[in-house]
Structures are given as C-alpha cells and as structure tokens.
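Results of the structural survey
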Amino acid sequence: MIDTLDSLTIDRLICALFYPQHDAGPNCAWERLFQNAPLDYYRNYPQAPFHTRFGPVFYRGRLDGTARVLVIGQDPATDETLAGRAFVGQAGQIAQNFLAKLGLTRSYVMFNTFLFGVQSASLTPTMATDATIMAYRNSLFDHAKATNSLTAIIAFGSYANTSAINWPGRGSLPIIHVMHPTSPSGVAADWNSHFAAAQAVIAPDSGGHVDTTPYATSGAMPHTDVPRRDLPFGLPSWHGTGGGTQSQRGASPNFETQIVWNAL
Ligand code: URA
C-alpha cells in the first residue's frame, strides 16, 4: 500500500497529521451559506447599531463535520474582525479556558448571535430575535446540526442563550447557559455551578484533560490561547494569545473607520 502512495499524497498525510496549524476556511457548502448572509440588512438596520465597515465575522472552529459542541457568543469585537474568526480576544480566550477544562480542545464550532459587533449602548434583546437576523443565524445552526454529531450547546451570555432557545431546529440538544466571559462579576461562581452539567453532556477530546478544579472566585479569570488550528494562516503568532485584547476601535471621529492593532 505504502508503495502506491506518491510523494504528494505522503506530504499531504504528514501535513494533516502534524501540521494542522491553521484553519483553511469554509468548505463549499459553508461558504455558500456565508455568502447568503443578510449583510445589507445589518448595514441598514434602524439607528445603525452595528459596526459594519470592516465586514462580518462568521465562525471559529470545526466546519468539517467533527464538531460535537455548538458554542454561541454575542458579537465580535476588533480582534475578531482582524482574525476573521469569532471569540479570539480576551472573552474568547477566557471561554477557551472553559472548553479546555472540559477537555474540549478542538471538537467545537462557534457562532455569534450577531455577525457584526454592536455598540453596547444600542444593544437590546429584541435585536437578537429580529426575524431576519434570527432566521439567518438559525440557518447556520441548522447546517451545523445536520453536518455534525452535536451533543450540546454552550451559550456564553444571555444573548447567546436567546439565540439557542429561539432555534427551532435545536431539538433536544441541551443548552449549557453560562455567563458571558467578560461579565463584570460572578463569572467564576457561575461557571463552577454549571461545570458538572456541561461535563455530563460533553465528552473530552482525545488528548484533552478534564479539570474539575473550581475556578477561583477572586482575581482575573484564567485564559487559554486560541489554538492555531482555529486561525487563518499568516496571522501573527501572538494574536489570540496572552489573555488580552490587542486592538480597539479608533478614537472619534474614526470610531467606525479605524482599528488600532497593537503588537505584543
Ligand atoms: N467576541 C466574540 O466573538 N463573541 C463574544 O461574545 C465576545 C467577544
């Protein structure tokens, strides 16, 4: 058998086994779905609450059928915009720690409630159940469910939970609704109180280790670097690492038109 493998095939096998160090992006079916996003609807939303100028952020994680957990967040910030992937800044790295404690190192796919960042002062619960926004989001969830063997949903924050409970295709998938990673207080105690329920429906990945040590309820929440396999090729090695957010919107009057990105 090995004699019949040409060097290109062997190279591909070695690459797949040892160098899954970037995310190659959506396959054709996912790309078609992403191309159908209601971007103009977001752009023309009344009172313009969405940061639409730098484009949407669709996902992070596995789009190849190997996801077991659907992770839902709220909305992308500037680190996410720069990476073109959800949950890579401070909030994402704290969320990654929760996944890591469950032993979940790769078998997840993440989407946000909104494709674009939202000005927090303008954010209202009804935006999450807006018919167009919700129908599109549910089409992503439907495709994730149809193409993966999902066992659970982790909803980070109340908007994420709104997304989960307003997804008719959810069926009997359990929702682990935990506080958003960057909620001002109470995250550690909340996550501790939901850990056993999460563990009951989420098996660890091979090589992942379940860590049942409770989070300390004082001090900063621990963080875990975003795996390189979740990020596009060529992103600086420090992006998604170190626990912090590396970018912010420009100062007025360039709030919408400038992102300031700081190297580590
Ligand atoms: N970044 C995301 O992608 N989602 C969140 O909920 C927070 C930060």
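First things first, this report covers the structure right here in the doc. (Residues numbered from 1 in each chain as written. Predicted model: local features only at pLDDT ≥ 70, side-chain atom pairs only at ≥ 80, totals over all residues. Heavy atoms only, no water.)

1. Thoughts on the site of the ligand
- The immediate surroundings of the ligand are formed by Gly73, Gln74, Asp75, Pro76, Glu80, Ala86, Phe87, Ala91, Asn112 and His180.
- Taking Gln74, its main chain carries an N or O atom lying 2.7 Å from an oxygen atom of the ligand.
- His180 is positioned with one of its side-chain polar atoms (N or O) 2.8 Å from an oxygen atom of the ligand.
- Bound to the protein, the ligand loses 94% of the 240 Å² it would expose on its own.
- Its atoms largely coinciding with the cavity grid, the ligand occupies the largest pocket.
- Of the residues in the shell around the ligand, the class split is four nonpolar, four polar and two charged. (Near = heavy atom within 4 Å. Polar contact = N/O pair within 3.5 Å; in protein donor to acceptor, adjacent residues only side chain to side chain. Areas by Shrake-Rupley, 256 points an atom, 1.4 Å probe, with all protein chains shown as cover. 1 Å grid on protein atoms, 1.4 Å probe; cavity = no way out; pocket = protein on both sides within 12 Å on 5 of 7 lines; lining within 4 Å. Sits in = over half its atoms within 2 Å of the grid points. Nonpolar A, V, L, I, M, F, W, Y, C, P; charged D, E, K, R; others polar.)

2. Some details on the packing of aromatic side chains
- Taken as a whole, this structure holds 19 aromatic pairs when the rule is applied.
- Ring geometry for Phe87 against Phe156: centres 5.7 Å apart, planes inclined by 80 degrees, an arrangement best described as edge-to-face. Placement of the pair is Phe87 in the loop between α4 (78–83) and α5 (90–101) and Phe156 in strand β6 (residues 152–156), with a sequence separation of 69 residues.
- What makes Phe87 buried here is its relative accessible area of 5%.
- The class of Phe156 is buried, set by a relative accessible area of 1%.
- Looking at Arg62, its charged tip hangs above the ring of Tyr108, at a distance of 5.9 Å from the centre.
- When the ring centre of Phe195 is taken as reference, the NZ or CZ atom of Lys101 above it lies at 5.9 Å. (Phe/Tyr/Trp six-rings, centres within 6.5 Å; stacked < 30°, edge-to-face > 60°. Helix = DSSP H or I, 4+ residues; strand = E, 2+ residues; numbered from the N terminus. Buried < 20%, exposed > 50% of the residue type's maximum accessible area, 1.4 Å probe, protein only. Lys NZ or Arg CZ within 6 Å of the ring centre and 35° of its normal.)

3. What about the nonpolar core?
- Formed by 35 residues in total, the largest nonpolar core has its most connected members in Trp30, Phe34, Phe50, Leu70, Phe111 and Phe114.
- Take this core: its biggest share by element is five residues, from helix α7 (residues 131–147).
- Leaving out residues up to four positions away in the same chain, Trp30 has contacts with Leu63, Phe111, Leu140, His143, Ala144 and Thr147.
- Counting residues in each nonpolar core, the second largest holds 27 residues, with Ala91, Leu104, Ile176 and Phe195 among its members. (Core = buried A, V, L, I, M, F, W, Y, C linked by side-chain atoms within 4.5 Å. Contact = heavy atoms within 4.5 Å.)

4. Focus on the layout of surface pockets
- Of the pockets and cavities examined, the largest pocket occupies roughly 500 Å³.
- Lining the largest pocket are 25 residues, with Asp75, Pro76, Ala77, Thr78 and Val118 sitting closest to its centre.
- Going through the elements one at a time, α4, α5, β5 (117–118) and β8 (247–249) are the ones with two or more residues in the lining of the largest pocket.
- Its residues placed into classes, the lining of the largest pocket shows seven nonpolar, 15 polar and three charged. (Points joined across faces, edges and corners; volume = space filled by probe spheres on them.)

5. Some details on the pattern of salt bridges
- One pass over the structure, following the stated rule, counts six salt bridges.
- Several salt bridges converge on common partners, so that one network encompasses Arg60, Arg62 and Asp230. (Salt bridge = Lys/Arg side-chain N within 4 Å of Asp/Glu carboxyl O.)

6. Section: the environment of Gly157
- Here Gly157 shows up in the loop between β6 and α8 (158–165).
- Classification of Gly157 by relative accessible area gives buried; the value is 6%.
- In this view, Gly157 contacts His177, Val178, Met179 and His180; residues no more than four positions away in its chain are not counted.

7. Remarks on the side chain of Glu80
- Structurally, Glu80 is set in helix α4.
- Here Glu80 is buried and forms no salt bridge, its nearest opposite-charge partner Arg60 lying at an N-O distance of 7.2 Å.
- The contacts of Glu80, once residues within four sequence positions are left out, are Val57, Arg85, Ala86, Phe87, Val88 and Gly89. (Lys, Arg positive; Asp, Glu negative; His and termini not counted.)

8. Thoughts on helix α9 (residues 187–201)
- Between the first and last C-alpha of α9 there are 21 Å, a value that for 15 residues agrees with the 21 Å anticipated at 1.5 Å per step.
- Considering bend angle alone, the principal kink of α9 is centred on Phe195 and spans about 40 degrees.
- Residues of α9 that are buried: Val187, Ala188, Asp190, Trp191, Phe195 and Ala198.
- Among the structural elements, α5, β6 and β7 (175–178) are those in contact with the buried residues of α9. (Expected span 1.5 Å × (residues − 1). Bend = angle between axes of the 7 residues up to and from the residue.)

9. Some thoughts on the packing of helix α2 (residues 28–35) against α7
- Contact geometry of α2 with α7 gives a least axis separation of 10 Å together with a crossing angle of 170 degrees. Put simply, α2 runs roughly antiparallel to α7. In contact with Ala29, Trp30, Leu33 and Phe34 of α2, α7 contributes Tyr136, Ser139, Leu140, His143, Ala144 and Thr147.
- Looking at the contact of α2 with α7 residue by residue, the class counts come to seven nonpolar, three polar and no charged. (Axes fitted to C-alpha atoms, helices over the stretch in contact; angles between N-to-C directions. Parallel < 35°, antiparallel > 145°, perpendicular 65-115°, else oblique.)

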